[in-house]
Every structure is written in structure tokens, then in C-alpha cells.
Amino acid sequence: MKDTKVIELEEVAIRFSGDSGDGMQLTGTLFSDATALLGNDISTFPDYPSEIRAPQGTVGGVSGFQVQFGHKQINTPGDNAHVLIAMNPAAIKANARFMSPGGTIIYDSDSFTEKNLRKANFATDDPFAELNMLDYTKIAVPISSLTQEGLKEFGLDNKSVLRSKNMFALGLVCWMFNRPLEYIEEFIQNKFKKKPVVVDSNIKVLRDGYNYGMNMQHMTPSYLVHPAEIENGTYRNINGNQATAWGLLAAAEKSGLQLFLGSYPITPATDILSALSQRKDLGVKTFQAEDEIAGIASAIGAAFTGSLAVTTTSGPGLALKSEAIGLAVMAELPLVIVNVQRGGPSTGLPTKTEQSDLMQALYGRNGESPVVVLAASTPSDCFYYAYMASKIALERMVPVLLLTDGFLGNGSEPWKIPSMAELPSITPRIAKDAEVFQAYRRDEETLAREWAYPGMKGFEHRIGGLEKNVSGTVSHDPENHQVNSEIRENKVQRVADMIPELEICGDDDGGEVLVVGWGGTYGHLISSVRQLRMEGKDVSLVQFNYIKPLPKNTAEIFSKFKKIIVCELNLGQFAAYLRDQLPQFTYHQANKVKGLPFTVSELKESINKLLED
Amino acid sequence: MTELNYTIKDFKSDNEVRWCAGCGDFAILNAVQRTMAEMGIPKEQFAVISGIGCSSRFPYYMNTFGFHTIHGRAAAIASGVKAANPELSVWVMSGDGDSMAIGGNHFIHVIRRNIDLNMIVFNNRIYGLTKGQYSPTSDRGFVSKTSPFGTVEDPFVPGQLVIGARGSFFARSIDGNLKLSQSVLKEAEKHKGTSVVEVLQNCVIFNNGIHSEITDPNHRADRQLILEHGKPMLFGAENEKGLIFDKGKLRVVVIGENGVTLDDILVHDAMEEDPTLHLALINMKLPDFPVAFGVIRAVPAPVYDVEMEAQINEIQKTRKITCVDDLLKSGNTWEVTGNVNGSGSSKKCL
């Protein structure tokens, strides 16, 4: 037997790709989880169409899942895949542009029929030549027929048989990357507990795929990626939406309040609603409302009643909630609004990522209607920023809008599990003295009013959307409106006292170029800056998580650099905001609106260009 | 429970009531305050929620917890209030426009869910606060500032929507009849589930007299049927008229004529689950029929906020995860040890 060709790698990106019904998301997730369990750092990127089942075999129906893992820190799912698993010709077509030059393509040769080639709009029978991919390692595996062969004793119909072909591909990839199958088999056993035949058939196919790799080792290389050197501790894999849900749970427990979520399903935010609706064990109340407006309205009702109240949505839903956010601003109720951003405007690109709701978050309401705006920057830190959003809302009696995005929400990474004890305290401003209570009496320092809710004897009072005086009586007095408008703005600005200062990743003393990012672009930006610094370039990064108010030392940091480039997945919304807030600086821009994350290479190109100018 | 000796004064706030002189809302405010004082519910347990419109100023005049919200959303906000704290007595004050035009979606869904709210719909069949446009309960052909040549659309009948949304409680009253209003409000509060009370209300400025055919003191005995559960459906000055069900339809009869006796008259059963007869009563209109008042429908049905808590309690009995620390450690986790000083990289920086 020939020796297996073993290639040691620092990091590798794999893309699983097939029809949206082929189970690629599950395949990718299982592989990622198994990989994380081995101690590799990982970053994942599900990339799927908005139709549940677009026409089979077409490029529009291709669903992909990319994972990058390595033995050092991994901040992005990788610009390009080193290995592509393609279940049909359309997957090749859709993913050619995401491949590293000279990469490996494993494809189901059974699916390369004339019919499927035409469906994928290939003119000839040689898709690789057509796509000019001749110097790639191409491994043809008859996945469909091997799956059928392996299951012929099971007495299953052909449709059910072919449904498990993704397990063959998964087994094969596990062999290639030296991933043991235990975790995956355990998962299958749990998931299909009640259907033993499904368990058996899937595990059989999974092992067939693994064994196929072992037996065909003359043609499939095997890769070795050592575990990463990461901080000691207990880890788990987590995606951004789950982390957001759990951060809210942590805040509820810390503050001693009931968690109430009013929400309406919308891609890509729905998973937060699902995750919290599972947590009846922790007493969460989830209300799936009749529409987006009722989602936030019910949350405002719960906030009025003394709960930690949350609503979750994505861009179009945020638009529908605008008027109600204004009510929460006016009533000065604690409310957390999570917007998992997606491509817009209108329905836009529902399953794709973008950062184009920043202006909507900051300004998208009638009247002077300030809210606190936060943005998470990695899948796992969604936990922390959801927690902080709750803390700020409860301690400052103000609506807080947390921006995440589809890339963070669906992407996952290993996360060192925190303990509740190490999270900062949360002290809701619950009124204590009925004698002195007035609806809009404020703390002098923070300008926050007190919270008194139904059931608290002696605190009966009225609030509402009309402008009020201190006691809560409706007031149309011009002076009062001016004063209150300024107070509401200042109350938000004073949140700067409780948030951390901005930190420079790079040279604390400043230098040539400062790369500025916010929210979910962190992974790509830090990877770009890190690589440029290793190339000797004078580049540093600041990533904003606190958008409104800005951290207090923002201007001080900006002033240390000769050039500033603001990189964001929109046409320049944060840059415009910075020009408004800190007009003394010049802001260069790198923008992308393709529904996709940045790539490290395109960022490096933009930054290099600025360095050379 | 200690005796709560409230009077109407305990429920009046210091805010000056600013409805137009002669507005029907005054009478409804009075009825609500009197009813609340007599309910035996601690004052701090009341939450009065409103949307936008003349009637939605209501919370400001109540010395209870109150929330004057945004147009059409009172039912949705109140849903959150009650779901978050089922101990409260939650009242929604809304008009025909607020509840059935801009807030129509919330109106039907709160009823469908059967959240335990008391919704008072002030039906004056006009937009008063915006000074006189037709509303979703204005009759076809109604002339208003925005329908100078008459509307070309049919109105909603609030009770029909309630039945259509599988409502468990519907009552009708009229602003001027304090005794009737108080009695239906009490029943509404007692009922577990969404209790919709339509109050025919007069807008003295923009739609004065819209209900006067019904309320006219000279004719009201013949034009109003006050329903009581378990009592025959009788009306008329001498209670000489009644309703029978004949060939699938309601029919007005006179006792003593054509051999009709008291025994032939329908007896009102508000608790009948089948809504057929309730709907027929809701649909009755002048001149062929009297208009039905009182509690038309009050059937027991599962209550959303109660079920929500029950489900949580049930699951918590056997829960494995009792706190967030448990949750964080649940499922697949792994230990990383042996890296010197936990050397590796923190995610945060270079």
C-alpha cells in the first residue's frame, strides 16, 4: 500500500456546496463542531439562497457552508476555499470564484450528467475547462452510486437513500482532515433517536465515505492541522444568534428580572426567537406576535410592566418598528432592540450580510429620537454586547439598539465559556420611594428616570407618547419640549461614562494608517491588519462596538494617525456619521455592498493603496 | 384579602378632563371609575392602556397605572403587559378607528389568542380627534370631510369581527346608560379572556346624534333589547315583544299575537359555545329589529397568559437547566489545557 500523502497545514478553508436540499448546512455544521472539539480555532460562514428549494440543480439553488480552521487564531472563514465539496455541477459553477488557486475539488461524479450540466448553464461537458480550472486537483467520487450501493440492504426507497449522500461526503472529508467520527455519530444517534433505520443508514454511509477515503488514499491527500494554541478554559462552539439569545438570558438573570421577547420571524434573526422560546426552563416568555409592530409593542408593554423586554428583527422589520421605538424613547422605558442586518433596501438580500442599517438605527425615526446604538463584532461577542445592551437599557432607562448581521448571526466560532460571576452587575432603576416618585424625575448624573410599574403600590402614574413635564402631565410648553429634547439626547451621550474606551490594535502611539471598522467586519479587518503588519506596514486598527455614543477617546486616537480609512459593508454610513461627529478628521473609505463579507485580500489592497498614496 | 373601600374619587386623577362638553366619553369614564372602585381589586393592579384618538386620552384621567401609546397599538402593548404579568387587571381603551382601522390586525389577534384583557371600544363612527373623517364603522354613503359625496365602502360591525376572530366575550352598551355600562364592565372584568365591550358613543361635535335613533327616549324600549343570561329576549314598553328563531332566522314577535306565548321566546344563553345565535343578535339593526345590548357572548376558553405561565411551570418541574451557568455548560463543550500561561491569542488584538 502506498503511503498516504500527509500535508501539514497552518489553516485550511473548506466549502461544502450542493443543492439547497442536499443538507450542506448540516454537513458543514457537523464538520465544524467536530473540528472545534479537536481544539482547532474555527470560523464558519453559511451562504445559502433565500428560497427554501430553488429549482434543483440550478446555480441559484446552491447552498454553501464554508469553515476555516487552523492551529493559530482564526478570525475569518477564509477569503477562498482550499477544498470544495461539490454535490453537483451548479455547485462548481457557483463556487469557482471562491476557490483558492490550485485548490482541491471533490465532486459527485454521478451528478455530472448532461441534464445537470445544462441546468447549471455549462455549454460543454467539461465544466472545469469552461471555468478555466485546469490546474486544480479534481477528485471525482461517485458519491450517489456509492451511497446507493452501501444502503442496498436497508430496503429504503431511492429518495431516502440519496438523502444521506451528504453523509458520504462528510465521512470522506473527515478522513481527509483526520477528524474522528464519534461526535458526528453521536449527533446522528440523538437526532434520529426515534428512527433507528435512519440512524443506521446515515452512520453506514458516513463510515463508507470515511473508508472510501482511506482506501483511495493514493488519490486523496490527507491533511493534518494541529490544535490551536488558545487560552486554557472550557470552550463551546457558538453562533451569533445563539450568543445573542444567551447574552439576554444572562442579563435577565443578573438583573433579577423576567426576560420577555416580543418578535416576529424574519431572516436572519429568527434563530434568536427560536433559541429563547426553548428556554422556558429559565422562565423566558416569548411572544410570537402577529407582525413586527406587535413584536415591539408587546415588548414595550412588558417593559412598562417591569420585565427585561426585547424585540429582535432584521432591517425591514426595524423599519416597521420605528414609530414604536420613538414611543420607548419618549416613555423612557428600558428596551433592547436587536437588528440582525441583512442586504437591503426593501426585501433586498434576505440571507446575505450587510451593514447598511446603521443610519436607520441612528436616525430612522420621526422627531429627535436618540437611542443608544451598539454593534457586536464576532459571533461569540454577540453574547457580551447583548448583555451590555440590556445593562445600559436597564440602568439608563433608554432603548438600546444592538446591531449584528447575517454573517455574525449564522457564523460560529469556539467560545471560552464565561461564568455568570465574572459578568458586570446590572442594577435596574426601580423606584423605591413613592413619596418622592415622579414619572420623569431624573438622576442628576445619568439623567435616567426611575422605573415604577403596575403592581407597585403608591406609584400609580401615567406615561405616554405625548411630551410631558416632570410629573408626567402632558405639556405643550415650548421651553419644556426644548429642555426635554436636549435631556433625551444628553442621557444617551452620558452612556459614554459607562462604556470602555476604544483600544488600538497595533501602535498605541499612532502612525501612518488607522483602519476603522465597526461591528461584524472585525475578523476580516484584524486579519488584514495583522498580515500587513507582518509585512512591515505601519497600520493599526480600531473596531467600534459602541456607535452612539462614541467612546470618549475616539478623537484622541484618531488624532494619532496620519490617515484614517473607514471600512464597512455599505456605501459609507459610518464614515458619514464620523464626519458629522468628528469633522476635524479626513476619512478615506473602503466599501462593499455585495451581500458578502469583505475578503482579506481586497481589504489589504485598499489599505495598501492608501499607504502608497 | 383586606376590604378595599374605594370610592370613585380614588380612581380620578388630578388631570383636568379635556373632552368636549357633552361628549359621551365622560359617561364612560364615570362608568369605568365606578366599576373599578367596586371590583375589589387593589388599585395598583390596574393598568389602563390606550392608543390614539379622543377616547385614548382616557388613561390620563384615571388614577391608576396608565400608558397612552401610539395609534392602533394599544391591544398589542396591552398583550405584552398582561403576558408579562398576568396578575394585573389590564384595560384597553380604544376607538373605532384605533381598534378597527390602523389597529385592526392587533384587534383580531388579541381576540384570537384570548389574552385576558378588557377592551372598551368607543364606537362613535367618526374620526373625532382629526376633526371629522369617516371611520371603518361609518355606514355606506356616509358624508364627511373626506367623503363629501358619501363613502363607497361598507362598515365593520365590531361584534362580527369578534365572532370571526373566535372571541370568547362580547358585550354592547351605550354611553348614556350608566347602569348597563357598569354591569357589562363588571362582567367583562370577571370574564377570563379577551372581553370586548362596544360602547355606542356620541361625538357631540362631529357626529352628533349618530346613535339617537337607538337612544331616543320615546322609542328606546322598542329599539333596544337588553340581554341577560338565562332570561327571555323581551323588549318593548311592557316587555310585550320578543325574539324567536324561525327558519334559521331571528324574528320579532308580539306575545299574545298569533298564539305566541312567553314560552316561545328565546332564552339568552351567553355561554353557548356555538356563536350562531350570538352573531344573529349582533347583526340585529333598526328598523326591523331592536339593537342588542348587554353581554351577548361569554364562553369559557383557554386563556393565553394563563397557558403561557402554565407551560413554563410545567417545564420547570423537570428542568435540567436551572440557571444560565448550567445553560452555558450544556451540550458539547471541551477543555483546553496545557497551553503555557494560557498563552494563546485573545480574540481581541494582535
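Being a predicted model, the structure only gives us computed values, none of them experimental.

## Some thoughts on the overall build of chain A
When its secondary structure is counted, chain A shows 21 helices and 22 strands. In terms of overall size, chain A behaves like a compact globule, its C-alpha atoms giving a radius of gyration of 26 Å where 613 residues would be expected to give roughly 25 Å. Dimensions of chain A, computed from the C-alpha atoms along their principal axes, are close to 85 × 60 × 45 Å. Put simply, chain A has 613 residues, and 64% of those count as buried.

## Brief notes about the domain arrangement of chain B
All names here are of chain B. Looking at chain B, the domain boundaries give domain 1 (8-231 + 268-305) and domain 2 (232-267). Placing a centre on the C-alpha atoms of domain 1 and another on those of domain 2 gives a separation of 28 Å. Here domain 1 meets domain 2 over a buried area of about 1200 Å², counting both sides, of which 75% is carbon and sulfur. Put simply, domain 1 and domain 2 have one salt bridge between them. Asp222 is the partner of Lys241 in a salt bridge, and the nearest nitrogen-oxygen pair spans 3.1 Å. Our count for the domain 1 to domain 2 interface comes out at three residue pairs in polar contact (both at pLDDT 80 or more).

## Here's the deal with the pairing of strand β6 (residues 99-108) of chain A
Residue and element names in this part refer to chain A. In terms of burial, β6 is largely enclosed, as eight of its 10 residues are buried. Across five bridges, the pairing between strand β5 (residues 81-86) and β6 is parallel. Among the inter-strand pairings, Leu84 is bridged to a residue of β6, identified as Ile105. Running through helix α2 (residues 89-95), the crossover from β5 to the neighbouring parallel element β6 is right-handed. Taken together, the five bridges between β6 and strand β7 (residues 137-141) define a ladder with parallel strand orientation. In the strand pairing of β7, Ile106 is matched with Ile139.

## Observations regarding a negative patch on the surface
Residue and element names in this part refer to chain B. Where like charges cluster on the molecular surface, the negative patch consists of Asp269, Glu272, Glu273 and Asp274. Tracing the backbone through its elements, the reader meets Glu272 in the loop between β10 (249-254) and α9 (276-283). By relative accessible area, which is 36% here, Glu272 ends up partly exposed.

## Quick word on the nonpolar core
Nonpolar side chains in soluble globular proteins tend to end up buried together. Residue and element names in this part refer to chain A. Among the nonpolar cores identified, the biggest contains 165 residues, and Phe558 and Phe574 are the most heavily contacted of them. Residue contributions to this core peak at 10 residues, all from helix α15 (residues 381-396). If we skip the residues at most four places from it in the chain, Phe558 touches Leu514, Val516, Val542, Phe544, Ile564, Leu578, Leu582, Phe585 and Tyr587. Grouped together as the second largest cluster of nonpolar side chains are 47 residues, Leu151, Ala169, Ala228 and Tyr235 included.

## Side note on the interface of chain B and chain A
Across the contact, 71 residues belong to chain B and 88 residues belong to chain A. Summing both partners gives a buried area of about 6300 Å² for chain B against chain A, and 60% of it is carried by carbon and sulfur. Summed over the shared surface of chain B and chain A, the number is 30 residue pairs in polar contact (both at pLDDT 80 or more). Taken together, the elements giving at least two residues each to the side of chain B that touches chain A come down to β1 (46-50), β2 (65-68), α2 (74-84), α4 (104-113), α10 (304-317), α11 (324-329) and β12 (333-336) of chain B. Of the residues assigned to the side of chain B that touches chain A, the class counts are 29 nonpolar, 30 polar and 12 charged.

## Here's the deal with the packing of helix α8 (residues 182-191) of chain A against helix α9 (residues 196-215) of chain A
Residues and elements named next belong to chain A. Two elements in contact, α8 and α9, have axes separated by 9 Å at closest approach and are oriented at 160°. Considering their axes alone, α8 and α9 lie roughly antiparallel with respect to each other. Along this stretch, α8 crosses α9, giving a crossing that reads as right-handed. For the pair α8 and α9, the contacting residues are Ile184, Glu185, Ile188 and Gln189 in the first and Val199, Asn202, Ile203, Leu206 and Arg207 in the second. Looking at the contact of α8 with α9 residue by residue, the classes come out as five nonpolar, two polar and two charged.

Rules behind the numbers
Residues numbered from 1 in each chain as written. Chains lettered and ligands numbered in written order. Predicted model: local features only at pLDDT ≥ 70, side-chain atom pairs only at ≥ 80, totals over all residues. Heavy atoms only, no water. Helix = DSSP H or I, 4+ residues; strand = E, 2+ residues; numbered from the N terminus. Rg over C-alpha atoms; globule rule 2.2 N^0.38 Å. Buried < 20%, exposed > 50% of the residue type's maximum accessible area, 1.4 Å probe, protein only. Domains from an automatic or database assignment. Buried area = accessible area lost by both parts, 1.4 Å probe. Salt bridge = Lys/Arg side-chain N within 4 Å of Asp/Glu carboxyl O. Polar contact = N/O pair within 3.5 Å; in protein donor to acceptor, adjacent residues only side chain to side chain. Pairing = 2+ DSSP bridges. Right-handed = clockwise from strand over helix to strand, strands pointing away. Patch = residues over 30% accessible without salt bridge, like charges linked within 9 Å, V, L, I, M, F, W, Y side chains within 5 Å. Areas by Shrake-Rupley, 256 points an atom, 1.4 Å probe, with all protein chains shown as cover. Lys, Arg positive; Asp, Glu negative; His and termini not counted. Charge placed at Lys NZ, Arg CZ, Asp CG, Glu CD. Core = buried A, V, L, I, M, F, W, Y, C linked by side-chain atoms within 4.5 Å. Contact = heavy atoms within 4.5 Å. Nonpolar A, V, L, I, M, F, W, Y, C, P; charged D, E, K, R; others polar. Axes fitted to C-alpha atoms, helices over the stretch in contact; angles between N-to-C directions. Parallel < 35°, antiparallel > 145°, perpendicular 65-115°, else oblique. Left-handed = near helix turned anticlockwise from the far one by under 90°.

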